[in-house]
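As a plain string of letters, each chain reads:
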Amino acid sequence: MLWSGWGDPAKATELPEPVRKLLADFLGVQGPAAPAATFGEVRLPAAALPPAVLAALAAITGAGYVRTDDDARIRHTRGRSTPDLLRMRAGDGSDAPDAVVLPGSHDEVAAVLRVCAEHRVAVVPFGGGTSVVGGLVASREGFAGVAALDLSRLNRLVSVDVESMVAEMEPGLRAPQAEELLASHGLTLGHFPQSYEYATLGGFAAARSSGQASAGYGRFDDMVVGMTVATPRGTLETGRAPKSAAGPDLRQVILGSEGAFGVITSLRLRVRRAPERRVYEGWRFATFAEGLAAVRRLAQDGPAPTVLRLSDETETLVGLAQPGELGSSATGSGCLVVAGYEGGPDDVSYRGERAAAVLAATGGVHLGPEPGEKWAHGRFDAPYLRDSLLAAGATVETLETACFWSAVPRLYEAVRQALTAALGSPLVMCHVSHVYGTGASLYFTVVTAQTDDPVGQWAAAKRAASEAILRAGGTITHHHGVGRDHREAFGAEIGELGAEILRAVKERLDPAGVLNPGVMIP
Ligand SMILES: Cc1cc2nc3c(=O)[nH]c(=O)nc-3n(C[C@H](O)[C@H](O)[C@H](O)COP(=O)(O)OP(=O)(O)OC[C@H]3O[C@@H](n4cnc5c(N)ncnc54)[C@H](O)[C@@H]3O)c2cc1C
């Protein structure tokens, strides 16, 4: 993973000249305010952990798995939101952890937590490092230092119960590794977020992730049937049956807890048979309102496609659903729907034909497989494009929410207006990224010219959009999580009593308050 950008450096994309011209002509993009810092120019605070603490940690994991070198510290600094990348590009390593600890087992995680609680060292569980909400920046106040707890060594497929379709897997597995291991059993999780290449199973559970094929496979939290969690107070086991009436579901306390209640060291996950056939296709609707009515009908009455995504007029025009087509005239007008079907051949045909009848009856024009295939081909490419846009002097960032269907039009307009008012004349694009019987998730992508203070520029826009979301009845996040960035809005969403419940749980599981302080809990 690039230290100040996304992914595999070999996959970096150059912006096509027409796109550069569009950025300059329509958004006034004139290049970045300053050249990006090199790795060696990143300013790091002195590593603060006392030698005795480092020695106690090394006694648990082995000395090679407690790192304090610049490389490890820089690579565990913050996550991958646009402000995170802008800060790294500016050489700001001020949030770097003092040490990176790599435990190799549940028992080692538990022992590390005990040492950190005893010495008041803040612990940041670190999966793939792809948080976009500040979930990897612990508050330092009152602590002896900060340790990133890198879970990448917990990377085993522990067991597969094919009869129950449940796999036990470790949290440090990155999604492609997990899929590869399951594929050897003819199975899949079906979880494909845009961060697929780098994000981990533990991070998916801890931040309640949702993938691009959620219409068919469900959200990640739907897949979790059980977890083992190391806390400073001991081990918590959750989930012993597919469903239970044994009191409140403690899995729900851990899902979305973002490392503030404990460290997930093992997951029991519902798996599916790997699909034999995959078909993706495109449909065009004249307006966003018509497209919304169509995808709502599919979500409510079925049959459910595996992938269902509706771009608004602007996103369709720009071609963001097919990054390879960006800026080309091939993308067209109206609103693009991508519908995908995965499964056995008969099931794919049956659902495809029935869904096509619904989409045609609701005003859709069938575009054939090409737009769907292009979407599938470029589905993990947008983060690479973001790096090129940042380097060119554009600020590009995304935000997401969910609401009931009846509130969607109001919320859509409110967020667009808030972003436009805050940023002048940005490009605001939106798509419906996840659908349910009762509502949908809206995912906004914003592009604007960078000012001299791009971090402050985005913070103001994000604040305005967050207020608009809450006023319009949406949730502050459908799948990115709370982190530090959404903490205040999350507090407004759940109210003081809700926040008190979370604080009480934290106090019981983590009395010294060392687990990801400052993250998630309002
Ligand atoms: C380009 C890009 C695209 C993205 N697309 C999507 C998308 O399509 N859908 C989506 O849902 N999200 C998306 N995200 C957000 C992000 O990938 C998800 O939040 C993901 O779940 C984070 O996984 P991770 O392994 O990287 O976790 P990290 O970023 O390492 O951690 C996330 C949070 O969980 C905590 N944590 C991590 N592992 C554990 C553990 N084992 N136990 C306890 N706490 C833990 C961390 O402390 C942190 O607070 C995207 C991010 C980027 C940068």
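Everything here concerns the structure above.
Residues numbered from 1 in each chain as written. Predicted model: local features only at pLDDT ≥ 70, side-chain atom pairs only at ≥ 80, totals over all residues. Heavy atoms only, no water.

Participant: Explain the overall build of the protein chain residue by residue, including any values.
Facilitator: Regarding its fold elements, the protein chain presents 18 helices and 18 strands. For the protein chain, the C-alpha radius of gyration of 23 Å lies close to 24 Å, the compact-globule estimate for 522 residues. Along the three orthogonal principal directions, the C-alpha set of the protein chain runs to about 70 × 60 × 45 Å. Counting every position in the protein chain, which comprises 522 residues, the buried fraction comes to 56%. If you take every contact in the protein chain between residues at least 6 apart in sequence, the share linking residues at least 24 apart comes to 76%. Placing the 48 positive and 58 negative side-chain charges of the protein chain at their respective mean positions leaves the two points 3 Å apart. (Helix = DSSP H or I, 4+ residues; strand = E, 2+ residues; numbered from the N terminus. Rg over C-alpha atoms; globule rule 2.2 N^0.38 Å. Buried < 20%, exposed > 50% of the residue type's maximum accessible area, 1.4 Å probe, protein only. Contact = heavy atoms within 4.5 Å. Lys, Arg positive; Asp, Glu negative; His and termini not counted. Charge placed at Lys NZ, Arg CZ, Asp CG, Glu CD.)

Participant: So what about the pattern of salt bridges? Which residues, and what values?
Facilitator: According to the stated counting rule, one finds 23 salt bridges in the structure shown. Here D221 ties to R219 by a salt bridge, and the two come within 3.0 Å at their closest N and O atoms. We note that D221, like R219, is buried. Notably, a salt bridge pairs R268 with E237, separated by 3.2 Å at the nearest N-O pair. Pair noted here: R268 is in strand β10 (residues 263-270) and E237 is in strand β9 (residues 234-238), with a separation of 31 residues, a long-range link. With relative accessibility at 15%, the residue R268 sits in the buried group. Taking the relative accessible area as the measure of exposure, E237 reaches 52% and is therefore exposed. Beyond isolated ion pairs, a larger network of salt bridges with shared partners links R67, D69, D71 and R75. (Salt bridge = Lys/Arg side-chain N within 4 Å of Asp/Glu carboxyl O.)

Participant: Could you give me a rundown of the site of the ligand, with the residues and numbers involved?
Facilitator: Contacts to the ligand come from 35 residues, most closely from P125, T130, S131, S195 and T200. Take P125: an N or O atom from its main chain is 2.6 Å from an oxygen atom of the ligand. Residue S195 places a side-chain N or O atom 2.6 Å away from an oxygen atom belonging to the ligand. Look at the ligand: alone it shows 970 Å² of surface, and the protein chains cover 97% of it. Counting residues per element, the ones that place at least two in the shell around the ligand are β3 (121-126), α7 (201-206) and β10. It is α7 that contributes the most residues to the shell around the ligand, four residues altogether. (Near = heavy atom within 4 Å. Polar contact = N/O pair within 3.5 Å; in protein donor to acceptor, adjacent residues only side chain to side chain. Areas by Shrake-Rupley, 256 points an atom, 1.4 Å probe, with all protein chains shown as cover.)

Participant: Requested: an account of the packing of aromatic side chains, with residues and values cited.
Facilitator: A ring pair, where both rings are aromatic, is described by two values, the distance of the centres and the angle of the planes. Inspection of every chain in the model, using the stated rule, returns eight aromatic pairs. For the pair W3 and F39, a centre-to-centre distance of 5.4 Å together with 80 degrees between the ring planes defines the contact as edge-to-face. Placement of W3 in the segment before α1 (17-27) and of F39 in the loop between α1 and α2 (51-61) is noted, with a sequence separation of 36 residues between them. When the ring of F192 is compared with that of Y196, the centres are 5.4 Å apart and the planes differ by 50 degrees; the resulting orientation is tilted. (Phe/Tyr/Trp six-rings, centres within 6.5 Å; stacked < 30°, edge-to-face > 60°.)

Participant: Please set out helix α15 (residues 382-392) residue by residue, giving values where relevant.
Facilitator: With nine of its 11 residues buried, α15 lies for the most part within the structure. Buried residues of α15: P383, Y384, L385, R386, D387, S388, L389, L390 and A392, and no others. Elements in contact with the buried residues of α15: α1, α4 (82-89) and β16 (394-404). Residue G393 follows α15 closely and has a positive phi angle near 100 degrees.

Participant: So what's going on with the pairing of strand β13 (residues 307-311)? Residues and values would help.
Facilitator: Most of β13 is tucked away: five of the five residues are buried. A two-sided burial pattern is seen for β13, the buried positions comprising V307, R309 and S311 on one face and L308 and L310 on the other. One ladder, built from four bridges, connects β13 with strand β14 (residues 335-343); its direction is antiparallel. In the strand pairing of β14, R309 is matched with V338. Of the pairings in the sheet, the one linking β13 to strand β17 (residues 427-435) comprises two bridges and is antiparallel in character. (Pairing = 2+ DSSP bridges.)

Participant: Got a sec to walk through the environment of A213? Specific residues and values, please.
Facilitator: One can find A213 in the loop between α7 and α8 (214-217). Under the relative-accessibility criterion, A213 is labelled buried at 1%. Along the sequence, A213 and S433 sit 220 residues apart, while their C-alpha atoms lie 9.3 Å from each other. Those residues within four positions of A213 in sequence are excluded, and the remaining contacts are G190, F192, G218, T306 and V307.

Participant: Residues and numbers for the nonpolar core, please.
Facilitator: L189, L201, F220, L267 and M520 are the most contacted members of the largest nonpolar core, which has 48 residues in total. With residues up to four places along the chain from it excluded, the contact list for M520 reads G256, S257, E258, A260, F261, V482, G483, R487, F490 and L502. Of all hydrophobic cores here, the second largest spans 41 residues; its members include F285, L310, A339 and A407. (Core = buried A, V, L, I, M, F, W, Y, C linked by side-chain atoms within 4.5 Å.)

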